[in-house]
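Geometric and topological summary
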Amino acid sequence: MKLPKQALLLIAGTGFIFNLAVCQEYRGKVITMETLLEDMVSAEKLSCFPDPYYTCHQESSHDRRSVSPDNPTWFANNDGFGIVRVDTTDGRIEKVMFDQAGPGVITRIWITTLDKRGTWRFYFNGSSEPGLIIPAYDLMKINIPSLGLGLLQPHTSYEPEGKGGNTLFLPIPYAKGCKITFEDEPGVNPTPKYYGINYRKYPENTAIETFSAEVVKRAEKKIAEVDNLLLNPVLSRNGKVISDSKTLAASDSLILELPAGENAVYEVKFNVNIQDSIDYEQLMREIIFCAQFDGKQTVWVPLSDYSGGGMGTPYVRSWYLSSDGKGNIVSRWLMPYQKSGMLKLINISSASINVKMGANVSSLAWGGHSLYFHSSWRQETGIPVHRDDDPENCIEWNFATIEGKGMYMGDLLSLFNHAPRWYGEGDEKIWVDGDTFPSHFGTGTEDYYNCSWAPVVTFHTPFGGAPRADLESSHGYNAFFRTRNLDGIPFKEKFKFDLEMIGWQRGYSDYATTIYWYGDFNARAIGTSGIEEATRKLVPAPKNPANYKIPDSIEFEALNPIGKSSSLRLEKQNSSGSWDGKWSGAAHLLAPNGKEGDYVEFEFDNLKDGKYKMVIYATQARDYGIIAFIVNDKSANISFDGYNNDIKHSKPINLGNFSPDAGKIKLKVEITGANKLSQGVKYMFGLDCIRLIPLDN
């Protein structure tokens with residue numbers, strides 16, 4: 001990593017540049033790497049309206065054809081190629097992904113791609129020399145030893161030398177401007193480069209110390225300390241603990257009256273004891289958590305959703321919220337108040353439920369920038385989902401709308417996907433105050449939630465994750481959760497968050513969103529839901545199609561090849577619910593980039609002596625080629641044409657009868673050509689499973 005040796009500051013109002021060591025007297029007014037890191041884990045700081053005030057924005061690779069809601073290209077979805085411009089620097093072709101003048105701080109960088117080869121360059125304060133170089137489209141190679149998984153997280157799909165991305169939360173401050181570019185490695189065909197960069201814009205007179213090698217070195221200890229704290233949150237202040245327990249009958253409540261005066265709730269612990277696990281998911285939805293401060297209700301959310309887990313109340317581990325998935329929940333959202341406060345659990349079910357709630361309360365002065373904690377909830381069923389090639393029918397769904405002054409600090413998307421394929425192609429569009437174009441325009445639902453490539457797996461980070469992902473196809477229950485620290489969004493009058501309802505297949509979804517935010521006394525969320533939606537019966541989870549197995553079969557997607565063509569790529573492709581017919585294990589092994597002559601080879605060992613009938617099940621589609629089979633280095637004299645106008649599961653392919661050699665049978669699959677009707681890449685193939693059927697001697 002190449003970093004400049006100079007660490008300079010522009011001191012507000014002087015017009016002169018000072019070295020940091022010279023201006024210790026300005027320390028309280030200077031934003032530094034250390035002050036930002038301290039703010040990141042300060043419950044008090046993050047609950048206040050910002051001073052000095054800044055605006056929050058996002059630059060991303062979204063499709064630049066999206067220019068206006070009135071334009072037919074508003075739902076354009078080719079999101080991997082959007083850039084600011086292209087610069088030529090010292091003979092290099094550099095794609096400019098970010099270019100901002102004036103003082104600011106980058107608070108989050110999210111990226112992903114298929115091919116990481118190339119070079120990132122960060123230019124600070126108008127310099128022609130990069131202040132930071134990363135030798136790949138991979139933030140894991142930033143080479144800051146004190147960074148850990150608290151501040152830098154690889155996505156679930158991440159491969160060091162292949163597909164996948166990561167998210168960086170280390171703040172990158174700059175005094176007068178920042179430009180970020182990426183140069184593809186010469187001779188390499190560019191692949192889509194997806195990115196989202198969140199940043200703050202400060203007034204011109206704001207003094208900020210620019211990111212540099214010296215700054216990083218000086219802040220090493222603080223970086224490591226904050227990274228560890230994010231992964232292991234602790235109560236920031238011990239105060240008075242107020243708790244109570246009760247068996248709640250239908251319509252009954254448990255109420256905690258909080259100490260009078262200027263105080264704040266630093267932690268709330270919930271324990272719900274539901275004896276019958278069958279009732280757990282529904283009953284957790286029918287316990288409502290409410291909070292009232294200074295005479296105004298600011299929180300009304302089903303406890304299942306407030307927990308950050310959503311429908312089913314699954315396991316959650318994050319900076320602000322934790323849940324063990326068994327009814328024990330910890331909330332670390334700071335809840336300040338000036339005069340009075342009350343926390344309440346309401347049972348809106350028809351059952352009796354044993355509950356306990358405890359609050360840790362400590363004194364906290366109320367000032368001119370203090371805000372109240374809010375959490376609100378809305379649910380809508382039957383929301384139509386369309387493909388991006390059907391823009392006339394595509395819609396945006398209002399995720400959240402807030403009127404008033406405050407800070408947006410995070411959200412949960414809990415849903416039931418009725419379509420059997422991926423639902424989350426839609427971009428987020430966030431409008432703040434007088435925006436004429438969204439100040440945050442994303443590249444996909446999973447990208448907003450700090451992952452990539454349509455993952456349907458659970459994961460947990462300090463800044464949220466995916467608490468629920470039942471089926472690999474995304475059919476049924478899913479949940480995404482994101483909270484904000486330095487990337488919280490301030491607003492003075494209005495905040496509006498819309499989400500495109502775009503998926504891989506037409507269908508519909510049921511969405512429930514919980515938002516976490518701070519606001520002044522008059523701020524309010526619009527369009528929230530109430531008891532009628534909270535008591536709606538949860539839809540039964542669909543059966544897992546992956547449980548279907550062809551008897552005595554071996555799944556190709558579970559095998560490790562013993563050899564293949566160097567350029568041939570292999571990947572597991574899920575088929576559950578997305579294609580007609582049944583694939584064993586609801587998946588197959590796909591070779592998406594083959595050419596004639598490419599091959600893959602497998603070995604089956606620990607076989608007893610005797611003959612085996614070999615039967616293969618494969619996939620056919622309009623862009624598949626012709627493959628041949630070689631068993632124990634001899635042709636099986638079988639040619640399989642993978643072409644079909646629709647995707648279908650093949651009939652059994654009988655290769656014949658074969659005997660093991662030293663207990664092993666080798667199978668080689670080779671691309672030999674393509675049907676004249678085959679379209680697109682023409683030479684793809686998919687292998688579902690194989691049966692080795694022992695024959696009586």
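For the structure itself, consult the block above.
Residues numbered from 1 in each chain as written. Predicted model: local features only at pLDDT ≥ 70, side-chain atom pairs only at ≥ 80, totals over all residues. Heavy atoms only, no water.

Simply put, disulfide is the name for a covalent bond between the sulfur atoms of two cysteines. Tallied over the full model, the rule gives zero disulfides. Of the cysteine sulfurs around C56, a residue in no disulfide, the closest is that of C178, at 15 Å. Classification of C56 by relative accessible area gives buried; the value is 4%. (Disulfide = S-S within 2.5 Å. Buried < 20%, exposed > 50% of the residue type's maximum accessible area, 1.4 Å probe, protein only.)

For helix α4 (residues 220-231), spanning twelve residues, the distance from its first C-alpha to its last is 17 Å, which sits close to the expected 16 Å at 1.5 Å a residue. Summarising the contacts, the buried residues of α4 are in contact with α1 (33-40) and α3 (213-218). (Helix = DSSP H or I, 4+ residues; strand = E, 2+ residues; numbered from the N terminus. Expected span 1.5 Å × (residues − 1). Contact = heavy atoms within 4.5 Å.)

Attention now moves to the sheet that holds strand β30 (residues 428-432). Adjacent strands of a sheet pair through backbone hydrogen bonds, lying either parallel or antiparallel. Ordered in space as β31-β30-β36-β28-β38, the five strands form an open sheet in which the pairing is antiparallel. In the strand order of this sheet, the two ends are held by β31 (440-441) and β38 (524-526), each with one partner. Note that β30 and strand β36 (residues 494-500) share five bridges and pair antiparallel. When the sheet's bridge partners are listed, W431 is paired in β36 with K496. (Pairing = 2+ DSSP bridges.)

The subject of this paragraph is the nonpolar core. By size, the foremost hydrophobic cluster in this structure holds 113 residues, and its most contacted members are I106, L170, F289, Y306 and L343. If you look at the next biggest cluster of nonpolar residues, it comprises 33 residues, including A466, A469, F491 and Y511. (Core = buried A, V, L, I, M, F, W, Y, C linked by side-chain atoms within 4.5 Å.)

Tallying each qualifying case throughout the model produces 37 salt bridges. As a salt-bridge pair, D63 and R65 come within 2.7 Å of each other at their nearest N and O atoms. Given the relative accessible area of 47%, R65 is considered partly exposed. For K179, the salt bridge is made with D87, and the minimal N-O distance between the two is 3.0 Å. Placement of the pair is K179 in strand β13 (residues 177-184) and D87 in strand β5 (residues 85-89), with a sequence separation of 92 residues. The two residues K179 and D87 agree in class, both being buried. Residues joined in a network through salt bridges with shared partners are R85, D87, D99 and K179. (Salt bridge = Lys/Arg side-chain N within 4 Å of Asp/Glu carboxyl O.)

We now examine unusual backbone geometry. D51 connects to P52 through a cis peptide bond whose omega is 5°. You can see P52 is positioned in the loop between α2 (43-46) and β4 (55-60). Positive phi is not limited to glycine here, since N143 has a value of about 65°. Locating N143 in the fold gives a position in the loop between β9 (132-134) and β10 (152-154).

One can find E533 in helix α8 (residues 531-534). For E533, the side chain forms a polar contact with the side chain of Q379, separated by 2.8 Å. Ignoring anything within four residues of it in the chain, the contact list for E533 reads R285, W377 and Q379. (Polar contact = N/O pair within 3.5 Å; in protein donor to acceptor, adjacent residues only side chain to side chain.)

Another aspect to go through is the sheet that holds strand β45 (residues 626-631). Taken in spatial order, the five strands of this open sheet run β40-β43-β49-β45-β46, and their pairing is antiparallel. Every other strand in the sheet has two partners, leaving β40 (563-564) and β46 (634-641) as the edge strands with one partner each. When β40 meets strand β43 (residues 599-604), the two strands line up antiparallel, connected through two bridges. For K564, the partnering residue across the bridge sits in β43 and is V600.

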